[in-house]
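Listed below, chain by chain, are the residues.
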Amino acid sequence: MIMNRTPVEPPRIYLTRRYRDCPAMIDWLVDVIGFTRHFVVEDGAGGIAHAQLAFGSAIIMVGSVRDDAFGQAVGQPGAVGDGTSVYIAVDDADALHAKVVAAGTDVPRPPEDTDYGSREFSCRDAEGLYWNFGTYWPRVGDAPE
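Please read all numbers here as calculations on a predicted model, not as lab measurements.

A. How the structure looks around the overall build of the protein. Summing up its helical and strand segments, the protein has three helices and eight strands in all. Reading the protein from its N end, one meets helices and strands in the order β-α-β-β-β-α-β-α-β-β-β. Put simply, the protein has 145 residues, and 39% of those count as buried. In the protein, 52% of the contacts between residues at least 6 apart in sequence involve partners at least 24 apart. If you sum the accessible surface of the protein, you get close to 8500 Å²; carbon and sulfur atoms cover 56% of it.

B. Spotlight on the nonpolar core. Counting residues in each nonpolar core, the largest one holds 11 residues, listed as Tyr19, Cys22, Ile26, Leu29, Val30, Phe35, Ile48, Ala51, Leu53, Ile60 and Val62. Residue assignment for this core shows that the elements contributing at least two residues are helix 1 (22-33), strand 3 (48-55) and strand 4 (58-64). By residue number, the principal contributor to this core is helix 1, which donates four residues. Sequence-distant contacts of Ala51, that is, excluding residues within four places in its chain, are made with Ile26, Phe39, Val40, Ile60, Met61 and Val62.

C. How the structure looks around helix 3 (residues 93-102). Where helix 3 is concerned, the buried positions are Ala93, His97 and Val100. Looking down the long axis of helix 3, one finds its buried residues gathered within 60° of arc, a one-sided arrangement. Pointing more than 90 degrees away from the buried face of helix 3 are the exposed residues Lys99 and Ala102. For helix 3, the elements touching its buried residues are strand 6 (106-113), strand 7 (119-124) and strand 8 (130-134).

D. Representation of the packing of aromatic side chains within the structure. Scanning the entire structure with this criterion turns up five aromatic pairs. Seen from their ring centres, Tyr14 and Tyr87 are 6.0 Å apart, and the 50° between their planes marks the pair as tilted. Of the two residues, Tyr14 sits in strand 1 (residues 13-19) while Tyr87 sits in strand 5 (residues 84-89), which places them 73 residues apart along the sequence. Tyr14 sits in the buried class, given a relative accessible area of 2%. Looking at Tyr87, the relative accessible area reads 3%, which means it is buried. Taken together, the ring pairs in this structure connect Phe121, Trp131 and Phe133 into an aromatic cluster. When the ring centre of Trp137 is taken as origin, the NZ or CZ atom of Arg12, which lies over that ring, is 4.0 Å away.

E. Structural detail: the pattern of salt bridges. Summed over all chains, the structure comprises six salt bridges. In this structure, the salt-bridge partner of Arg12 is Asp91, at a minimum N-O distance of 3.5 Å. A residue pair is termed long-range when its members are at least 10 positions apart, and Arg12 in the segment before strand 1 and Asp91 in the loop between strand 5 and helix 3 qualify at 79 residues. Among the charged side chains, a network of salt bridges with common partners joins Asp94, Asp113 and Arg119.

F. Main features of the environment of Pro108. Looking at the element boundaries, Pro108 is found in strand 6. For Pro108, a relative accessible area of 35% translates into the label partly exposed. For the pair formed by Pro108 and Ala69, sequence separation is 39 residues and the distance between their alpha carbons is 8.1 Å.

Reading guide: rules and limits
- Residues numbered from 1 in each chain as written.
- Predicted model: local features only at pLDDT ≥ 70, side-chain atom pairs only at ≥ 80, totals over all residues.
- Heavy atoms only, no water.
- Helix = DSSP H or I, 4+ residues; strand = E, 2+ residues; numbered from the N terminus.
- Buried < 20%, exposed > 50% of the residue type's maximum accessible area, 1.4 Å probe, protein only.
- Contact = heavy atoms within 4.5 Å.
- Areas by Shrake-Rupley, 256 points an atom, 1.4 Å probe, with all protein chains shown as cover.
- Core = buried A, V, L, I, M, F, W, Y, C linked by side-chain atoms within 4.5 Å.
- Arc of directions from axis to C-beta.
- Phe/Tyr/Trp six-rings, centres within 6.5 Å; stacked < 30°, edge-to-face > 60°.
- Lys NZ or Arg CZ within 6 Å of the ring centre and 35° of its normal.
- Salt bridge = Lys/Arg side-chain N within 4 Å of Asp/Glu carboxyl O.

Here it is as C-alpha cells:
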C-alpha cells in the first residue's frame, strides 16, 4: 500500500452541473442527501446563477439551465451533453489557456472574468468532454466574499 503523507491542499477539481429546476434540486441535495449551502447566487429570475454546495470537505457547483454559450457547449440534462462538466481551479488561467491553444485544443469559451470573481475558460478534450479552468478556488472552510 502506498500512502502519501505530504500535506494536501484543498481540492481543485469540482463537479459542475446545470438543472432545469435548480432551486428544487438544491433543496433536495440539502434536505435529502445532506449537502449544505455554502454559496448561492440567485439569477433574479427565479433561478440560480451559481451555487456551491458542500458535502464534508467537498464542493459541487450547480446552476440553472440557461441558453448561453456555456449551456450550448456543455449540453443540458437529458441531452447528448448532459449538463455536466469538470471545473479545475488553477493559479493562472491565461497561462494555461495559452498552452491549450498552442496544443490545438478546441476552446469554445475563451478566458473571461466572471461575476463571482474568477478568471476562467472552457475547452473540449479529444473526445468532447467539456473542461473548465479558472482561478476561483472555493474552500469549505472559507466564507465567500
